[in-house]
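So you can see what is in the structure, the chains are spelled out below.
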Amino acid sequence: MKRRYHFLLPAGVIFIALILIGTGCVVSSGNSSIPTEEKKQVTAQASWKYYSFEDAVNAAETIVYGRAGQKGETKKFDGAADDSVINYYRKVPIEVLKLIKGQTSSNGTVDAIEPGGETADTCYIMEGAKLFEKDKEYIVFMNHLGAALAPYAVLDVTDGVVETNGLIPGIDWTVDTDYPKTMPVDDYLDLIEKALEENK
């Protein structure tokens, strides 16, 4: 019988709660004899800071349009003292289709950090976190560690069309509803580049 443990992470000054209920791990650990559904589950409910489009462009260390690769093994941050979900992560290589801000590695990828993961006997689940899917395209606004600024700062791209998640210039997506929900990815990248130019 699987056990579930819950931790509530502290929120900051202005946070928007984006809580989606997670029920299990997405990727099974290859070196474990325990089926995923029978593993202990440790979950955390997190809140994320509100970012407008302009805030996200300014705050992001890296902004990349790319394709997600194979997730790495679940790791624990150096110096982490306990088994809280926030201490576990997986690296996801993002094949760069276009780098808008930041730097890429010599092999043309940027490493994204995905919270949580799965070990031989435990699933670590950050409820509400955006999880990457292999071979799917995204625009990602990342902090200095490679983690997305917030789940809504990972934008799905399908067949050249991006889901904006309300990150549109001049829009407060927590209040406004009349904004483009999707647009051609090239048009969206142009908006980001325009904002970067205006900030110089």
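Since the structure is predicted, the reported quantities are computational estimates derived from the model, not experimental observations.

## A few points about the overall build of the protein
Scanning the protein for helices and strands turns up 2 helices and 14 strands. Across the 200 residues of the protein, 44% fall into the buried class. Total accessible area on the protein is roughly 10,700 Å²; 51% of this is exposed by carbon and sulfur atoms.

## Looking at the pattern of salt bridges
Note that side chains of opposite charge can pair when their charged atoms are close. One pass over the full model with this rule turns up 9 salt bridges. One salt bridge in this structure joins Asp 156 and Lys 130, with 2.9 Å as the shortest N-O distance. Of the two residues, Asp 156 is situated in strand S12 (residues 154-158) and Lys 130 in the loop between strand S10 (122-127) and strand S11 (137-142); the sequence distance between them amounts to 26 residues. Taken together, the shared-partner salt bridges in this structure form one network comprising Arg 67, Glu 95 and Glu 137.

## Looking at the side chain of Lys 39
Looking at the element boundaries, Lys 39 is found in the loop between strand S2 (15-17) and strand S3 (40-45). Classification of Lys 39 by relative accessible area gives buried; the value is 0%. At a separation of 2.6 Å, a polar atom in the side chain of Lys 39 contacts the side chain of Glu 118. Within polar-contact distance, the side chain of Lys 39 engages the backbone oxygen of Thr 119 at 2.8 Å.

## Observations concerning the environment of Ser 84
Relative to the helices and strands, Ser 84 is located in the loop between strand S6 (75-76) and strand S7 (88-101). Relative accessible area serves as the criterion here: at 13%, Ser 84 is assigned to the buried category. Sequence-wise, Ser 84 and Ala 44 are 40 residues apart; in three dimensions their C-alpha atoms are separated by 7.8 Å.

## A few points about the confidence of the model for the protein
In the predicted model, the protein carries a mean pLDDT of 83, and the fraction of residues at 70 or more is 84%. This stretch, residues 1-24, has a pLDDT under 50; its non-local contacts, to residues over four places away or in other chains, come to 60 contacts. The model gives residues 26-30 a pLDDT under 50, and that stretch makes 10 contacts with residues more than four places away or in other chains.

## As for the environment of Val 140
Along the chain, the position of Val 140 falls in strand S11. Looking at Val 140, the relative accessible area reads 1%, which means it is buried. Sequence separation between Val 140 and Ile 94 is 46 residues; the distance between their C-alpha atoms is 9.4 Å. In this structure, Val 140 is in contact with Thr 62, Ile 63, Val 64, Phe 132, Ala 148, Ala 153 and Val 154, ignoring residues within four places of it in sequence.

## Digging into the nonpolar core
Core analysis: the largest hydrophobic core is formed by 39 residues, its most contacted members being Val 57, Ile 63, Ile 139, Phe 141, Leu 167, Tyr 188 and Ile 192. Sort the elements by how many residues they give to this core and helix H2 (residues 185-198) lands first, with 6 residues. If we ignore the near neighbours within four places in the chain, the residues touching Tyr 188 are Phe 53, Ile 139, Phe 141, Leu 155, Val 162, Thr 164, Leu 167, Ile 168 and Met 183. By size, the runner-up hydrophobic cluster in this structure holds 11 residues, among which are Ala 68, Ile 94, Val 110 and Ala 112.

## Remarks on H2
Taking 1.5 Å of rise per residue, the 14 residues of H2 would be expected to cover 20 Å, and the 20 Å separating its terminal C-alpha atoms lies within 8% of that figure. Here H2 has its buried residues at Val 185, Tyr 188, Leu 189, Ile 192, Ala 195 and Leu 196. One side of H2 carries all its buried residues, which in axial view fall inside an arc of 120°. Seen from the open side of H2, the exposed residues pointing more than 90 degrees away from its buried face are Asp 186, Lys 194 and Glu 198.

Conventions used here
Residues numbered from 1 in each chain as written. Predicted model: local features only at pLDDT ≥ 70, side-chain atom pairs only at ≥ 80, totals over all residues. Heavy atoms only, no water. Helix = DSSP H or I, 4+ residues; strand = E, 2+ residues; numbered from the N terminus. Buried < 20%, exposed > 50% of the residue type's maximum accessible area, 1.4 Å probe, protein only. Areas by Shrake-Rupley, 256 points an atom, 1.4 Å probe, with all protein chains shown as cover. Salt bridge = Lys/Arg side-chain N within 4 Å of Asp/Glu carboxyl O. Polar contact = N/O pair within 3.5 Å; in protein donor to acceptor, adjacent residues only side chain to side chain. pLDDT = per-residue confidence, 0-100. Contact = heavy atoms within 4.5 Å. Core = buried A, V, L, I, M, F, W, Y, C linked by side-chain atoms within 4.5 Å. Expected span 1.5 Å × (residues − 1). Arc of directions from axis to C-beta.

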